[in-house]
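# Breakdown of the fold
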Amino acid sequence: MHFLASLGAGGMVVTFFMYFLFWVPHPGRPIPVYADWFSHIQTVSTGKQAMMLLGLAGILFFAWLHFKWLFLNFTQYRIFKANGGVKKIIGTNAHTQLMAMPLTYAMSLNICFILSAIFIPGLWNVVEWLFPISIFVFTIIGVWASRIYLDFFSLVLQSGSFDHTANNSLSQMLPSFAFSMVGVGLAAPAAMSQNTVVIGISYLLSIFFTTGALFLGLIKLIIGMNDMIKQGVSRSSLPTLWVVIPILTTAGIAAMRLSHGLHSLELGHGAPDYILLAIIFSIQIVFFLLGWSVMKRMKYFKALLNHEEDTPVTLALICPGVAFVVMGHFVLNKVIAAVGILTKFDYTYMAISFVLIVLQFITGWLLIRLARKQLRYT
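This write-up is about the structure you can find in this document. On a predicted model such as this, the values are computed, not experimentally measured, just so you know. (Residues numbered from 1 in each chain as written. Predicted model: local features only at pLDDT ≥ 70, side-chain atom pairs only at ≥ 80, totals over all residues. Heavy atoms only, no water.)

### Digging into the overall build of the protein
Along its length, the protein carries 13 helices and 0 strands. Along its sequence from the N terminus, the protein presents helices and strands in the succession α-α-α-α-α-α-α-α-α-α-α-α-α. For the C-alpha atoms alone, the extent of the protein along its principal axes is close to 90 × 55 × 40 Å. Out of the 378 residues in the protein, the part that is buried amounts to 44%. Within the protein, contacts between residues separated by at least 24 positions form 81% of all contacts whose residues are at least 6 apart in sequence. (Helix = DSSP H or I, 4+ residues; strand = E, 2+ residues; numbered from the N terminus. Buried < 20%, exposed > 50% of the residue type's maximum accessible area, 1.4 Å probe, protein only. Contact = heavy atoms within 4.5 Å.)

### Notes on a nonpolar patch on the surface
On the surface, a cluster of nonpolar side chains totalling about 490 Å² of accessible area is made up of Val233, Leu238, Leu241, Trp242 and Ile245. By the secondary structure assignment, Val233 is in the loop between α8 (196–231) and α9 (244–265). (Patch = residues over 30% accessible without salt bridge, like charges linked within 9 Å, V, L, I, M, F, W, Y side chains within 5 Å. Areas by Shrake-Rupley, 256 points an atom, 1.4 Å probe, with all protein chains shown as cover. Salt bridge = Lys/Arg side-chain N within 4 Å of Asp/Glu carboxyl O.)

### Some words on the packing of helix α6 (residues 127–159) against helix α10 (residues 271–297)
Running from amino to carboxyl end, α6 crosses α10 at an angle of 55°, the nearest separation of the two axes being 8 Å. Relative to α10, the element α6 lies oblique. The hand of the α6/α10 crossing is right-handed. Packed against α6, whose contacting residues are Tyr149, Leu150, Asp151, Phe153, Ser154, Leu155, Leu157 and Gln158, the element α10 presents Leu289, Leu290, Ser293, Val294 and Arg297 at the interface. Residue composition of the contact of α6 with α10, by class: 8 nonpolar, 3 polar and 2 charged. (Axes fitted to C-alpha atoms, helices over the stretch in contact; angles between N-to-C directions. Parallel < 35°, antiparallel > 145°, perpendicular 65-115°, else oblique. Left-handed = near helix turned anticlockwise from the far one by under 90°. Nonpolar A, V, L, I, M, F, W, Y, C, P; charged D, E, K, R; others polar.)

### Thoughts on unusual backbone geometry
For Lys299, which is not a glycine, the phi torsion comes out positive at approximately 55°. Positionally, Lys299 belongs in the loop between α10 and α11 (300–305). Looking at Lys299, the relative accessible area reads 55%, which means it is exposed. The backbone of Phe345 sits at a positive phi, close to 75°, despite the residue not being glycine.

### So, helix α1 (residues 3–23)
The first and last C-alpha atoms of α1 sit 31 Å apart over 21 residues, in line with the 30 Å expected at 1.5 Å per residue. For α1, the principal kink sits at Phe17 and spans about 30°. For α1, the full list of buried residues reads Phe3, Ser6, Leu7, Ala9, Gly10, Val13, Phe16, Phe17, Tyr19, Phe20 and Leu21. Of the surrounding secondary structure, the elements contacted by the buried residues of α1 are α2 (34–40), α3 (46–82), α5 (100–119) and α7 (174–192). (Expected span 1.5 Å × (residues − 1). Bend = angle between axes of the 7 residues up to and from the residue.)

### Regarding the side chain of Asn168
Along the chain, Asn168 turns up in the loop between α6 and α7. Judged by its relative accessible area of 13%, Asn168 is buried. A polar side-chain atom of Asn168 sits 2.8 Å from the main-chain carbonyl oxygen of Gly232. Once residues within four sequence positions are removed from consideration, Asn168 is found in contact with Asp227, Met228, Gln231, Gly232, Val233 and Ser234. (Polar contact = N/O pair within 3.5 Å; in protein donor to acceptor, adjacent residues only side chain to side chain.)

### Some points on the pattern of salt bridges
Counted under the stated rule, the structure contains 2 salt bridges. Across the salt bridge formed by Asp36 and Arg29, the nearest N and O atoms sit 2.6 Å from each other. Classification of Arg29 by relative accessible area gives partly exposed; the value is 25%. For the salt bridge of Arg297 with Asp151, the shortest nitrogen-to-oxygen distance reads 3.6 Å.

### Concerning the packing of aromatic side chains
Taken as a whole and assessed by the stated rule, the structure comprises 23 aromatic pairs. Relative to Trp37, the ring of Tyr34 lies with its centre 5.4 Å away and its plane at 85°, an arrangement referred to as edge-to-face. Taken together, the residues Tyr34 and Trp37, both in helix α2 and 3 residues apart, mark about one turn of the helix. Trp37 sits in the buried class, given a relative accessible area of 8%. Ring plane angle 70° and centroid distance 6.4 Å describe the contact between Phe152 and Phe162, whose orientation is recorded as edge-to-face. In this pair, Phe152 sits in helix α6 while Phe162 sits in the loop between α6 and α7, placing the two residues 10 residues apart along the sequence. Assessed through its relative accessible area of 3%, Phe152 is described here as buried. Here a set of aromatic residues connected by ring pairs shows up, and it is made of Tyr149, Phe152, Phe153, Phe162, Phe179, Phe208 and Phe209. (Phe/Tyr/Trp six-rings, centres within 6.5 Å; stacked < 30°, edge-to-face > 60°.)

What follows is the structure, encoded as structure tokens:
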């Protein structure tokens, strides 16, 4: 949890960046860069110059603290892990606190972007080259965060190790904060890029992580509030009652960025369909990953193929497979191809279609296999 010190310092950098975002004119650009504030500071009053200098100093100072504490925490975490500390919390309520690491690293990437924009002259001339890199790195952090959370989720559902008596706080909402931080970072190219493919990919990935953050957050909020009402809030965890505030801030900024990106895609009347399908498919993927992680850990698929699961409930696997294939075709054609991320019937489009067809045939094969076993007496 000490990673949150580094996270907080990164957040302070963002607060000082607000001076420039809203007080410095930056025509033709979504954010101010070096050239904007450098020319503006020479034309304003002494008071405004002082505020801008304060903003620059604040950005540099808290960025230094952010990376200083990040390195310190990383070093201490390696020692903690080597001494078996991580193994002790795996599968417990504290497992989710590992999400503080991807959360902080996602903030680090945001800080790097702010520092580059404010202090590197001419950066905006090559920014379109940086957006794909940003998307890639944020996605890697998102995958890392997902693996941590799926490990936690599958372990506690397998072993029933989650302790509700120790959940009288909102500390379990930390994963939602991490996913929303990834989501807001992924939304930046959607708002700033001029490349349709970059905007489209940024949009879809951001919707996925932001939707997942809000969806899981709502579940954890209900569970946490229920446990707090039953047992009273944990005094040591009182600060977690405010964790909803940063989650909503990051999600709100992501929504604004995605709104800008939607205008750039020029979908017209198809925009509501685009948003709706992307959100629905994101929730479906979240549920798929949660279910898959638990079933895999409990070796359910192996038992299913070995005819060790002989109950009618196994037939419930068919409907999700069908629904996923159908929604996949809608998203591929009404979202991905519609915004120009892919061209209909090109190699990538056909490759994704092939994956959906494979899943379709696997679902059909599984249906026949299960039906022959379940209905053998009819």
